[in-house]
Amino acid sequence: MFIHLVVIGWLYVVVMMAVAEATNTTGTVLGAIFTFLLYGLAPVALVVYLMGTPGRRRAIKQREAEAQEAARRAAAEAATKEPEDSGLPDQRGEAPADAVPPVRKET
């Protein structure tokens, strides 16, 4: 909240500097535009970006924690759920059987 007041105040000062540059007898409108961009917008954008870094980091960590918790819940749900009978061999945890039974020689 406080940073917003500082940003608004600084931009007001820079706008007044740009107006003074544009209306001065030796000043130009192009000089006023550069004054506003270089003294106002560029530094304010940099400061706001840097001040917002901790908030972005917190949001990233929170999203990662939520995704990890969702994956953990899905894994726990899959572990407790009984497997469906797909009709395929070895899908229910049974020991594999020989596909071809051994043939004995008759004596």
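Before reading further, recall that the structure is shown in the block above.
For the structure given in this document, a descriptive report is provided here. (Residues numbered from 1 in each chain as written. Predicted model: local features only at pLDDT ≥ 70, side-chain atom pairs only at ≥ 80, totals over all residues. Heavy atoms only, no water.)

Observations concerning the overall build of the protein chain
(1) Moving on: Scanning the protein chain from terminus to terminus reveals three helices and zero strands.
(2) Moving on: Secondary structure elements in the protein chain, listed N-terminal to C-terminal, are α-α-α.
(3) Moving on: In the protein chain, buried positions account for 9% of the 107 residues.
(4) Moving on: At a minimum sequence separation of 6, the contacts of the protein chain that also span at least 24 residues come to 39%. (Helix = DSSP H or I, 4+ residues; strand = E, 2+ residues; numbered from the N terminus. Buried < 20%, exposed > 50% of the residue type's maximum accessible area, 1.4 Å probe, protein only. Contact = heavy atoms within 4.5 Å.)

Considerations on the packing of helix 2 (residues 29–51) against helix 3 (residues 53–80)
(1) Moving on: Axis separation between helix 2 and helix 3 bottoms out at 4 Å; the angle between their running directions is 40 degrees. Note on element contacts: helix 3 touches helix 2 through Thr-53, Pro-54 and Arg-56, opposite Tyr-49, Leu-50 and Met-51.
(2) Moving on: For the contact of helix 2 with helix 3, the per-class residue count stands at four nonpolar, one polar and one charged. (Axes fitted to C-alpha atoms, helices over the stretch in contact; angles between N-to-C directions. Nonpolar A, V, L, I, M, F, W, Y, C, P; charged D, E, K, R; others polar.)

Concerning the packing of aromatic side chains
(1) Moving on: A full pass over the atoms with the stated rule returns zero aromatic pairs.
(2) Moving on: Against the face of Tyr-49 rests Arg-56, its NZ or CZ located 4.2 Å from the ring centre. (Phe/Tyr/Trp six-rings, centres within 6.5 Å; stacked < 30°, edge-to-face > 60°. Lys NZ or Arg CZ within 6 Å of the ring centre and 35° of its normal.)

Here we look at the environment of Val-15
(1) Moving on: The topology assignment puts Val-15 in helix 1 (residues 2–23).
(2) Moving on: Accessibility expressed as a relative area gives 34% for Val-15, which makes it partly exposed.
(3) Moving on: A sequence separation of 25 residues divides Val-15 from Gly-40, and the C-alpha atoms of the two residues are 7.9 Å apart.

Comments concerning the pattern of salt bridges
Between side chains of opposite charge, a pair can form when the charged atoms approach closely.
(1) Moving on: In the structure shown here, the tally under the stated rule is two salt bridges.
(2) Moving on: In this structure, the salt-bridge partner of Arg-72 is Glu-69, at a minimum N-O distance of 2.8 Å. Of this pair, Arg-72 and Glu-69 both sit in helix 3, separated by three residues, roughly a single helical turn.
(3) Moving on: With relative accessibility at 32%, the residue Glu-69 sits in the partly exposed group.
(4) Moving on: By sharing partners, the salt bridges in this structure join Glu-69, Arg-72 and Arg-73 into a single network. (Salt bridge = Lys/Arg side-chain N within 4 Å of Asp/Glu carboxyl O.)

Describing the side chain of Thr-53
(1) Moving on: Here Thr-53 lies in helix 3.
(2) Moving on: Classification of Thr-53 by relative accessible area gives buried; the value is 18%.
(3) Moving on: Here the side chain of Thr-53 touches Arg-56 through a polar contact of 2.9 Å, side chain to side chain. (Polar contact = N/O pair within 3.5 Å; in protein donor to acceptor, adjacent residues only side chain to side chain.)

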